[in-house]
Amino acid sequence: MSESATRLSVFKTYKLYVGGKFPRSESGRVYEVTDSKGKWLANVPLSSRKDARDAVVAARKAFGGWAGATAYNRGQILYRVAEMLEGRREQFVREVADAEGLSKSKAAAVVDAAIDRWVWYAGWTDKIAQVVGGANPVAGPYFNLSSPEPTGVVTVIAPQESSFLGLVSVIAPAIATGNTVVVVASEKSPLPALSLGEVLATSDLPGGVVNILSGKASEMGPHLAAHQDVNAIDLTGATEGDLARDLEIAAADNLKRVLRPRTEDFAESPGTDRMTAFLETKTVWHPTGSLGASGSSY
């Protein structure tokens, strides 16, 4: 018998991605993930409230450095994510095919679109300020300038059905504009999200900018929505029962920005609305002054 015939398979251990590291859930809990035909794929961590709190702490710690980085540098890092995904394309094609019940060719198209989406948002990092900011005309001897700034720590309930392209489509715009995120991955199809954490860890992205949790949005969502150190919440994947409504009510306690769930085709070309959803506008007034008795100004 050949050596290959007797070789045991090495099953992958999926872990959370929090603060640039790969912990198991502090609760020790796991749950089974199956493919579209019910075949077992893996056991993944069932994240707890404590895991969610740890992720928020990591996101807050990373926020200052990430928001303070140059837009050009953020763009370089997002492009690097695309480069690394390209190198692991076959792995993600396999995982997306299993997760979403797609043929290999359709899964490949999804993965290619997700890679392209990272490139697209990488190109926007140093352009979005020009679109949504600028000089404002005012009646008076003043410069009046508006510039966008990131909102802060954003909780994202990732799409449940689009486990990879949808995931990228909600993460990339949030971090492109300088926010840090805590992501609750698709409950039934979390494997592409957890593998994305491995890509992010090797893409020059500072630890804590993206934190990925697997488990139940209905369990972690209320704690994240009510967390006083979370500044905004994206409810895209909160489609179970009244979950979106309950999370929006909890988010009102500290006036979080809320992006409500809506019908979306993630295969379509994205606009700028997901970037502007988590931006604040800072407006500065400055007197122009005057030059000499003529009153001319500069």
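Here is a short report on the structure shown in this document. (Residues numbered from 1 in each chain as written. Predicted model: local features only at pLDDT ≥ 70, side-chain atom pairs only at ≥ 80, totals over all residues. Heavy atoms only, no water.)

Moving on to the sheet that holds strand E6 (residues 180-184). Within the open sheet, the 5 strands sit side by side as E7-E6-E5-E8-E9. Their pairing is parallel. Looking at the sheet topology across the chains shown, the edges are occupied by strand E7 (210-213) and strand E9 (257-259). Each neighbouring strand pair of the sheet contributes to a mean axis angle of 15°, computed without reference to strand direction. Against the sheet, helix H9 (residues 217-226) engages strand E5 (153-157), E6, E7 and strand E8 (232-234), with an angle of about 150° to E6. (Pairing = 2+ DSSP bridges. Helix = DSSP H or I, 4+ residues; strand = E, 2+ residues; numbered from the N terminus. Axes fitted to C-alpha atoms, helices over the stretch in contact; angles between N-to-C directions. Contact = heavy atoms within 4.5 Å.)

Below, the discussion takes up the pattern of salt bridges. Taken as a whole and judged by the stated rule, the model has 21 salt bridges. The partner of Glu-90 in a salt bridge is Arg-89, and the shortest N-O contact between them spans 3.2 Å. On the basis of relative accessible area, Arg-89 is assigned to the partly exposed category, the value being 21%. Here Glu-248 and Arg-260 are joined by a salt bridge, their closest N and O atoms 2.7 Å apart. In this pair, Glu-248 is assigned in helix H10 (residues 243-251) and Arg-260 in the loop between E9 and helix H11 (273-276), connecting sequence segments 12 residues apart. One network of salt bridges, in which partners are shared, links Asp-234, Arg-262, Glu-264, Asp-273 and Arg-274. (Salt bridge = Lys/Arg side-chain N within 4 Å of Asp/Glu carboxyl O. Buried < 20%, exposed > 50% of the residue type's maximum accessible area, 1.4 Å probe, protein only.)

Across the sheet, which stays open at both edges, the 3 strands sit in the order E3-E4-E10 with antiparallel pairing between neighbours. One side of each edge strand has no neighbouring strand; the edge strands of this open sheet are strand E3 (134-135) and strand E10 (279-287). Of the pairings in the sheet, the one linking strand E4 (residues 142-150) to E10 comprises 9 bridges and is antiparallel in character. In the sheet register, Glu-149 faces E10, and the bridge partner there is Glu-280.

Grouped together as the largest cluster of nonpolar side chains are 62 residues, with contacts concentrated most on Trp-118, Ile-171, Ile-175 and Val-210. When residues of this core are assigned to their parent elements, the largest contribution, 10 residues, is made by helix H5 (residues 104-124). Apart from residues lying up to four places away in sequence, Ile-175 is in contact with Trp-66, Arg-74, Leu-78, Trp-118, Val-181, Leu-205, Val-209 and Val-210. In this structure, Ala-55, Met-220, Ala-225 and Ala-238 belong to the second largest nonpolar core, which totals 24 residues. (Core = buried A, V, L, I, M, F, W, Y, C linked by side-chain atoms within 4.5 Å.)

Looking now at the packing of aromatic side chains. Taken as a whole and judged by the stated rule, the model has 6 aromatic pairs. Centre to centre, the rings of Trp-120 and Tyr-121 are 5.0 Å apart; their planes meet at 90°, and the pair counts as edge-to-face. Overall, Trp-120 belongs to the partly exposed group, its relative accessible area being 32%. Between Tyr-142 and Trp-285, the aromatic rings sit 5.7 Å apart at their centres with planes inclined by 80°, giving edge-to-face as the arrangement. Placement of Tyr-142 in strand E4 and of Trp-285 in strand E10 is noted, with a sequence separation of 143 residues between them. (Phe/Tyr/Trp six-rings, centres within 6.5 Å; stacked < 30°, edge-to-face > 60°.)

On to the packing of helix H4 (residues 89-100) against H5. Axes are the key here: two packed helices are described by the angle between their axes and the distance separating the axes. Across the interface, H4 lies against H5 with an axial gap of 8 Å and an inter-helix angle of 120°. Comparing their axes, H5 and H4 come out oblique. Crossing handedness for the pair H4 and H5: right-handed. Between H4, through Arg-89, Glu-90, Phe-92, Val-93, Val-96 and Ala-97, and H5, the contact on the second element is made entirely by Lys-104, Ala-107, Ala-108, Val-110, Val-111 and Asp-112. Split by residue class, the contact of H4 with H5 holds 8 nonpolar, no polar and 4 charged. (Parallel < 35°, antiparallel > 145°, perpendicular 65-115°, else oblique. Left-handed = near helix turned anticlockwise from the far one by under 90°. Nonpolar A, V, L, I, M, F, W, Y, C, P; charged D, E, K, R; others polar.)

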